Amino acid sequence: MARYLVTGGCGFIGGHLTHALVRAGHRVIAFDDLSSGREDNLPPEADLERGCVTDGTHLASLAGQCNGIVHLAAIASVEAAAANPRRAEAVNLGGARNAVAAAEAEKIPLVYASSAAVYGDAGSRPIAETADCTPHSVYGQHKLKGESTVLTLGPRATIIRPFNVYGPRQHPNSPYSGVIARFISACLAGETITINGEGLQSRDFIYVSDIVRLFVAALSREPAAPFTMNGCTGQAISILSLARAVADTCGTGLDLRHGPARAADILHSCGDPQRAFDLLGFRAETRLGDGLAETVGWQRPVVQ
Ligand SMILES: NC(=O)c1ccc[n+]([C@@H]2O[C@H](COP(=O)([O-])OP(=O)(O)OC[C@H]3O[C@@H](n4cnc5c(N)ncnc54)[C@H](O)[C@@H]3O)[C@@H](O)[C@H]2O)c1
């Protein structure tokens, strides 16, 4: 049994990860300021420590009790980071630096949640980790700078670049929610789904329990070398097809309108999953249809 510090442990991914670690017999300190996370995302066995990742002293004091850190806490939205870039820099980049300092002081491993946003428009399909990183957004720029800091830990550093994560407990009511949560919410409420542009842009959606398995595998690995890897399925679906699949799963009709295309929207984003398989034997297993069914099942009572 080990004890892990999970920053952002009350968030969407953090809550699922904490449940998985507790189920595996580990102890978890969830470090969170509850700005977007919820205490009820945690299992009762986890310890909640309220605090802000900009407070390096607080983080470091907890790392001393732990065998590893998973750093998830962030302003986890491109739009929210753009709306307040100073705060985003303090939390997303400053928080990463503090997590690195805490891991360095205790000589423990750190698994860092970066993002596919670091690639910008990589041009290649699927996008391998060797692709050029030219992030379009402030959010992606901070994640990329955070990666450089994390790599200073050497072999104890693991960087995961999740693509689009979806699943139960991703909250549908914020303008910053993931597209699947928003589409489900609209269908269940009988509202119109608005797609930016024609909807031909495509994305690689990975189910939350799959990305959690990748984080757990990364945390348990032998620290032989620094790893950077995508968290993806290797399959992409257009936003238009996704809207149809969501409506089918909800059992509702599809009421769709097309809004203006977003200027900086990347057309296609699909990750190459090969490196995560080669390094950790990881493959995403959940088919989109099954993941959507689980997510709709969770969201139905929340929306109605
Ligand atoms: N969900 C996705 O599709 C996705 C894709 C790529 C990368 N990521 C990254 O994965 C991580 C988790 O994302 P998520 O979807 O679970 O987001 P989330 O918003 O649900 O979780 C983030 C958590 O961090 C906490 N937090 C925010 N600012 C904090 C601060 N200053 N101090 C302490 N805690 C703070 C929030 O309260 C929340 O519990 C983030 O780093 C995000 O950038 C997510």
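Our structure's up above, just so we're on the same page.
Everything numeric here is computed off the predicted structure, so don't read it as measured data.

**A word on the site of the ligand**
Thought 1: Residues in contact with the ligand amount to 29 residues; listed here are only the nearest, Asp32, Ser36, Leu72, Tyr139 and Lys143.
Thought 2: Residue Gly11 places a main-chain N or O atom 3.0 Å away from an oxygen atom belonging to the ligand.
Thought 3: Taking Lys143, its side chain carries an N or O atom lying 2.8 Å from an oxygen atom of the ligand.
Thought 4: Relative to its unbound accessible area of 830 Å², the ligand is 92% covered by the protein chains.
Thought 5: Every element with two or more residues in the shell around the ligand is listed here: helix H1 (12-23), helix H4 (85-106), helix H5 (138-151) and strand E7 (164-166).

**Structural notes on the environment of Gly94**
Thought 1: Relative to the helices and strands, Gly94 is located in helix H4.
Thought 2: Sequence spacing of Gly94 and Gly146 is 52 residues, and the spatial spacing of their C-alpha atoms is 8.3 Å.
Thought 3: When near neighbours in sequence (up to four residues on either side) are disregarded, Gly94 contacts Val53 and Glu89.

**Some remarks on the packing of H4 against H5**
Thought 1: Two elements in contact, H4 and H5, have axes whose closest approach is 9 Å; the angle formed by their N-to-C orientations is 15°. Here H4 is positioned roughly parallel relative to H5, judged by the angle of their axes. Handedness of the H4/H5 crossing: right-handed. Taking contact as the criterion, the partners of Pro85, Ala88, Glu89, Asn92, Leu93, Ala96, Arg97 and Val100 in H4 are, on H5, Val138, Tyr139, His142, Lys145, Gly146, Thr149 and Val150.
Thought 2: Considering only residue class, the contact of H4 with H5 consists of eight nonpolar, four polar and three charged.

**A closer look at the nonpolar core**
Thought 1: Formed by 33 residues in total, the largest nonpolar core has its most connected members in Leu17, Val70, Leu72, Ile160, Ile211 and Phe215.
Thought 2: If you list the elements that add at least two residues to this core, you get strand E1 (3-7), H1, strand E2 (27-32), strand E5 (110-113), helix H7 (208-220) and strand E11 (227-231).
Thought 3: The element contributing the most residues to this core is H7, with seven residues.
Thought 4: Apart from residues no more than four positions distant in its own chain, Val70 is found in contact with Leu5, Val6, Thr7, Leu17, Val111, Phe215 and Leu219.
Thought 5: Core analysis: the next-biggest nonpolar cluster, separate from the first, contains 23 residues, Leu59, Val91, Val100 and Val150 among them.

Cut-offs and rules
Residues numbered from 1 in each chain as written. Predicted model: local features only at pLDDT ≥ 70, side-chain atom pairs only at ≥ 80, totals over all residues. Heavy atoms only, no water. Near = heavy atom within 4 Å. Polar contact = N/O pair within 3.5 Å; in protein donor to acceptor, adjacent residues only side chain to side chain. Areas by Shrake-Rupley, 256 points an atom, 1.4 Å probe, with all protein chains shown as cover. Helix = DSSP H or I, 4+ residues; strand = E, 2+ residues; numbered from the N terminus. Contact = heavy atoms within 4.5 Å. Axes fitted to C-alpha atoms, helices over the stretch in contact; angles between N-to-C directions. Parallel < 35°, antiparallel > 145°, perpendicular 65-115°, else oblique. Left-handed = near helix turned anticlockwise from the far one by under 90°. Nonpolar A, V, L, I, M, F, W, Y, C, P; charged D, E, K, R; others polar. Core = buried A, V, L, I, M, F, W, Y, C linked by side-chain atoms within 4.5 Å. Buried < 20%, exposed > 50% of the residue type's maximum accessible area, 1.4 Å probe, protein only.

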